[in-house]
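The chain contents come next:
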Amino acid sequence: MTKIKNIKKELLSHNWYTLYKFTFDFQMNNGKWSTQMRESYDRGNGAAILLYNKEKGTVILTKQFRLPTYINGNSTGYMIEVCAGLLDDDNPEDCIKKEAVEETGYQIEKVHKVMEAYSTPGSVTEKVYYFVAEYYEDMKVSEGGGLENENEDIEVLELKFSKAIDMVNTGEIQDAKSIILLQYAQINKLLKI
Ligand SMILES: Nc1nc2c(ncn2[C@@H]2O[C@H](COP(=O)(O)OP(=O)(O)O[C@H]3O[C@H](CO)[C@@H](O)[C@H](O)[C@@H]3O)[C@@H](O)[C@H]2O)c(=O)[nH]1
Ligand SMILES: [Mg+2]
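Fair warning: this is a prediction, and the values are worked out from it, not measured in the lab. (Residues numbered from 1 in each chain as written. Chains lettered and ligands numbered in written order. Predicted model: local features only at pLDDT ≥ 70, side-chain atom pairs only at ≥ 80, totals over all residues.)

**What about the confidence of the model for the protein chain?**
Step number 1: Confidence in the prediction of the protein chain, expressed as mean pLDDT, is 97, and 100% of residues score 70 or more.
Step number 2: Taken together, the chains of this predicted complex give a pTM of 0.96 and an interface ipTM of 0.93. (pLDDT = per-residue confidence, 0-100.)

**Comments concerning the site of ligand 1**
Step number 1: Not every one of the 13 residues close to ligand 1 is listed here, only the nearest: Trp16, Gly46, Ala84, Gly85 and Leu86.
Step number 2: Among the elements of the structure, strand S4 (46-53) and strand S7 (83-86) are those that each provide at least two residues to the shell around ligand 1.
Step number 3: At three residues, the largest contribution of residues to the shell around ligand 1 is made by S7.
Step number 4: For the shell around ligand 1, the per-class residue count stands at five nonpolar, two polar and six charged. (Near = placed C-beta within 6 Å. Helix = DSSP H or I, 4+ residues; strand = E, 2+ residues; numbered from the N terminus. Nonpolar A, V, L, I, M, F, W, Y, C, P; charged D, E, K, R; others polar.)

**Observations regarding the UniProt feature "domain: Nudix hydrolase" (unreviewed entry) in the protein chain**
Step number 1: Annotation from UniProt places "domain: Nudix hydrolase" (unreviewed entry) at residues 42-181.
Step number 2: For residues 42-181, the end-to-end C-alpha separation is 24 Å, with 24% helix and 33% strand making up the annotated structure. (UniProt positions renumbered as here; feature names shortened; annotations may be inferred.)

**With respect to the domain arrangement of the protein chain**
Size of an interface, as often reported, equals the accessible area lost when the parts are brought together.
Step number 1: You can read the domains of the protein chain as domain 1 (4-42) and domain 2 (46-187).
Step number 2: Placing a centre on the C-alpha atoms of domain 1 and another on those of domain 2 gives a separation of 31 Å. (Domains from an automatic or database assignment.)

**So, the environment of His14**
Step number 1: Mapped onto the secondary structure, His14 falls in the loop between strand S1 (4-13) and strand S2 (18-27).
Step number 2: C-alpha separation for the pair His14 and Asp42, spaced 28 residues apart in sequence, amounts to 9.6 Å.

**Quick notes on the environment of Thr120**
Step number 1: Within the secondary structure, Thr120 sits in the loop between strand S8 (112-118) and strand S9 (127-134).
Step number 2: Along the sequence, Thr120 and Leu12 sit 108 residues apart, while their C-alpha atoms lie 19 Å from each other.

**Overview of the environment of Gln27**
Step number 1: With respect to the helices and strands, Gln27 occurs in strand S2.
Step number 2: Setting aside its immediate chain neighbours within four residues, Gln27 contacts Lys3 and Trp33. (Contact = placed C-beta atoms within 7 Å.)

**Some words on the pairing of strand S5 (residues 58-65)**
Step number 1: One ladder, built from three bridges, connects S4 with S5; its direction is antiparallel. For Asn53, the partnering residue across the bridge sits in S5 and is Thr58.
Step number 2: Count of turn residues in the S4/S5 antiparallel hairpin: four residues, of which Gly57 carries a positive phi of about 70 degrees.
Step number 3: The pairing of S5 with strand S10 (residues 155-160) spans six bridges and is antiparallel. Bridge pairing in S10 links Val59 to Leu159.
Step number 4: Two strands pair when backbone bridges link them, and S5 and strand S6 (residues 78-81) are joined in this way by four bridges, in the antiparallel orientation. Among the inter-strand pairings, Gln64 is bridged to a residue of S6, identified as Met79. (Pairing = 2+ DSSP bridges.)

In structure tokens, the structure reads:
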């Protein structure tokens with residue numbers, strides 16, 4: 001059992017999301033207690049989905065500018081990702097259906113949850129709920145692209161699954177949640193390569 005006590009929480013920033021500093025006493029494996037400090041960024045939880053079409057052998061991905069990658073080595077700042085979003089007040093399934101139509105234009109009724117995972121457990125609270133779903137042409141209800149009032153500027157890509165897997169291997173796709181879902185599809189043979 002985790003031995004932790006005297007947890008104190010100090011708000012460092014609440015500009016867009018919240019950054020807290022926690023101070024706590026923690027008993028280590030050797031039995032000694034130590035006082036530790038950790039910063040923890042809380043943006044809530046997220047959901048991500050791989051949309052795939054078996055007959056066509058294709059997947060739907062998105063391309064958008066991600067500032068944190070631009071300042072850390074991604075020369076264009078653009079990232080190719082699966083559709084994803086923050087839960088806000090929704091449950092993961094409702095959230096991802098809403099994100100799918102907003103970002104990609106596909107209205108998906110049936111989604112399949114495949115896993116839950118913490119993205120950056122050392123510093124960010126976020127847990128991401130992972131989904132897959134089949135898409136068909138008749139589910140397309142709009143162009144997608146994201147919400148204008150949130151300044152989202154999302155390009156929708158329909159790629160051959162084999163091309164997307166190649167892009168993971170060449171480093172053209174570097175987003176962890178997207179790599180997880182593409183490799184999930186590959187391992188579980190959701191589509192033919
Ligand atoms: N003004 C402002 N807008 C922000 C800020 N941080 C995020 N936003 C905007 O808030 C919106 C959130 O869009 P979502 O679709 O809900 O989230 P996401 O950014 O796609 O997040 C997904 O991908 C992330 C990166 O992989 C994941 O971390 C996250 O959990 C989720 O899966 C985006 O338009 C984003 O630009 C900020 O500090 N300031
Ligand atoms: Mg998004």
